[in-house]
Amino acid sequence: MNRLKNKLHNKWSTVGIMIMIHALQGIAANLAHPITPAYLKSMDFPSTMFGVVFAAMSLTNFAFSPFWGIMSRYIEAKTMLLIGSVGYAAGQAIFGFSSNPLIIIMARLISGAFVSAQFVGTGLYVVEKSNPKDKSKNITKMVTIFSVFGTVGYFLGGYIGDYSLKIPFVIQVLLLITVGLLYYVLLESNPTEDKVDVKRVIQSSSPIIKTDRPLNKKLTMNFWIVFLISTASTSLTQTFSYFIADALNLPSSANGITKGLVGILALLLNFTIAMRIVKSKEVERNISVLFMWITALFIPMVLLKSSALGFMSFGVIAMGFDTMPVSLLQSRTVEYADHDIQGEMVGYHNTMKSLGMILGSLVAGWIYAKNIISPFIMSASLYIVSTLLIIRLRKYVK
């Protein structure tokens, strides 16, 4: 095993190895997504159960992100990733082999608590092991690879689910455990503090942002933008999937096709436009321009809501562009934070992102019942507000 590790490290950087394992994590994390509606429907649960299980996982992802952020001071990133992967696998095993709604909700709460360790751990590892000039670039690569390989997992889960709704869960659990072991065996150690400050851990584990020092204005405004964009993005993607089946009466395969096209487009956009933005001297200005372009894409989507081809075409483009803010904003969090608190700030970043996912899914579902176009209008409005905020944020960037 050490020989394999040394051989890999001679050929690849340790961050490159982590990103390759993260790609497998992307596949594993998405295997159950396409079959979840059918799985819940097979047990005669009401349609609201789908929203509940999504919100349950997002809730504990939100709640536990600060805990893992502060624990990054005391636990090596590779150990945190092993714990997160095995815990996530346990939650999904319970979810996939239970028919009791309360146990299923409990399983999703477990999954959310541990998946947050994965996201915090990967972000921390990139921060710790990258050269200062490469941190933002590597964050962008990591998030993009996860998104693209998540599409692969989505396709595989949907295809296998046509034959059995249980097999995707079995593969997911085994792959998550494998991913955790690969993280632990192949990644390098990083420095940690010897003694755990229990009082500090308790104080810093609240989802309400509290640190030893006041947040600078750049981080504060960036976290607000992360929250707003996450809300907008969740509203867009969740509503799009439901809209093409409900309003346009298209088969479920249409969702699979659009998901694949978004993945391909995300790969192209993130490794071209997003990378150029990260390397530019005016990152915040270029992000504000990107936000305005995404806002503009909602206009033809809404106008062509009765045309399946028109709506889906602009929807795919909008969702492809919508993948870029995820990596760009996370790279800004790392850039704005002092080195000694970057692990904690990555945790709080994930907290704000998860909070947006919770609010975006719940609000979008509620206003969709009132007007099927309103979630898209809400997403566009949040992008406009975020544009104004990042323009203001530029004043504080030296």
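In what follows, the accompanying structure is described. (Residues numbered from 1 in each chain as written. Predicted model: local features only at pLDDT ≥ 70, side-chain atom pairs only at ≥ 80, totals over all residues. Heavy atoms only, no water.)

1. With respect to empty space enclosed by the protein
Phase 1 of the analysis: In this structure the tally under the stated criterion is one cavity of 30 Å³ or more.
Phase 2 of the analysis: In terms of lining residues, the largest cavity is bounded by Ala 29, Ala 32, His 33, Thr 36, Tyr 88, Gln 92, Phe 95, Arg 108 and Gln 172.
Phase 3 of the analysis: Element by element, the count of residues in the lining of the largest cavity is highest for helix H5 (residues 77–96), at three residues. (1 Å grid on protein atoms, 1.4 Å probe; cavity = no way out; pocket = protein on both sides within 12 Å on 5 of 7 lines; lining within 4 Å. Points joined across faces, edges and corners; volume = space filled by probe spheres on them. Helix = DSSP H or I, 4+ residues; strand = E, 2+ residues; numbered from the N terminus.)

2. Remarks on the pattern of salt bridges
Phase 1 of the analysis: Scanning the model with the defined rule gives six salt bridges in all.
Phase 2 of the analysis: Linking Lys 129 and Glu 188 is a salt bridge whose minimum nitrogen-to-oxygen distance equals 3.5 Å. Taken together, the positions of Lys 129 in helix H6 (residues 101–129) and Glu 188 in the loop between helix H8 (167–186) and helix H9 (198–204) put the pair 59 residues apart, joining distant regions of the chain.
Phase 3 of the analysis: Notably, a salt bridge pairs Arg 332 with Glu 284, separated by 3.2 Å at the nearest N-O pair. Note that Arg 332 is positioned in helix H14 (residues 324–336) and Glu 284 in helix H12 (residues 283–303), a separation of 48 residues in sequence. By the burial criterion, Arg 332 is buried, and Glu 284 matches it.
Phase 4 of the analysis: Connected through shared salt-bridge partners, Lys 133, Asp 134 and Lys 137 make up one network. (Salt bridge = Lys/Arg side-chain N within 4 Å of Asp/Glu carboxyl O. Buried < 20%, exposed > 50% of the residue type's maximum accessible area, 1.4 Å probe, protein only.)

3. Some details on the environment of Ile 17
Phase 1 of the analysis: Mapped onto the elements of the fold, Ile 17 is located in helix H2 (residues 14–30).
Phase 2 of the analysis: Taking the C-alpha atoms as reference, Ile 17 lies 9.6 Å from Leu 182; in sequence the two are 165 residues apart.

4. Notes on unusual backbone geometry
Phase 1 of the analysis: One non-glycine residue with positive phi stands out, namely Asp 44, at about 60°.
Phase 2 of the analysis: Structurally, Asp 44 is set in the loop between helix H3 (36–42) and helix H4 (48–71).

5. Here we look at the nonpolar core
The tendency in soluble globular proteins is for nonpolar side chains to be buried side by side.
Phase 1 of the analysis: Membership of the largest hydrophobic core comes to 52 residues, with the highest contact counts inside it found for Phe 240, Phe 298, Met 301, Phe 311, Leu 328 and Phe 376.
Phase 2 of the analysis: Contributions of two or more residues to this core are made by helix H10 (217–246), helix H11 (252–279), H12, helix H13 (308–322), H14, helix H15 (342–370) and helix H16 (374–393).
Phase 3 of the analysis: Among the elements that take part in this core, H10 stands out by supplying 13 residues, more than any other.
Phase 4 of the analysis: Not counting chain neighbours up to four residues away, the residues in contact with Phe 376 comprise Leu 236, Thr 239, Phe 240, Phe 243, Phe 298, Met 301, Val 302 and Phe 311.
Phase 5 of the analysis: Core analysis: the next-biggest nonpolar cluster, separate from the first, contains 22 residues, Val 15, Ala 23, Ala 77 and Leu 124 among them. (Core = buried A, V, L, I, M, F, W, Y, C linked by side-chain atoms within 4.5 Å. Contact = heavy atoms within 4.5 Å.)

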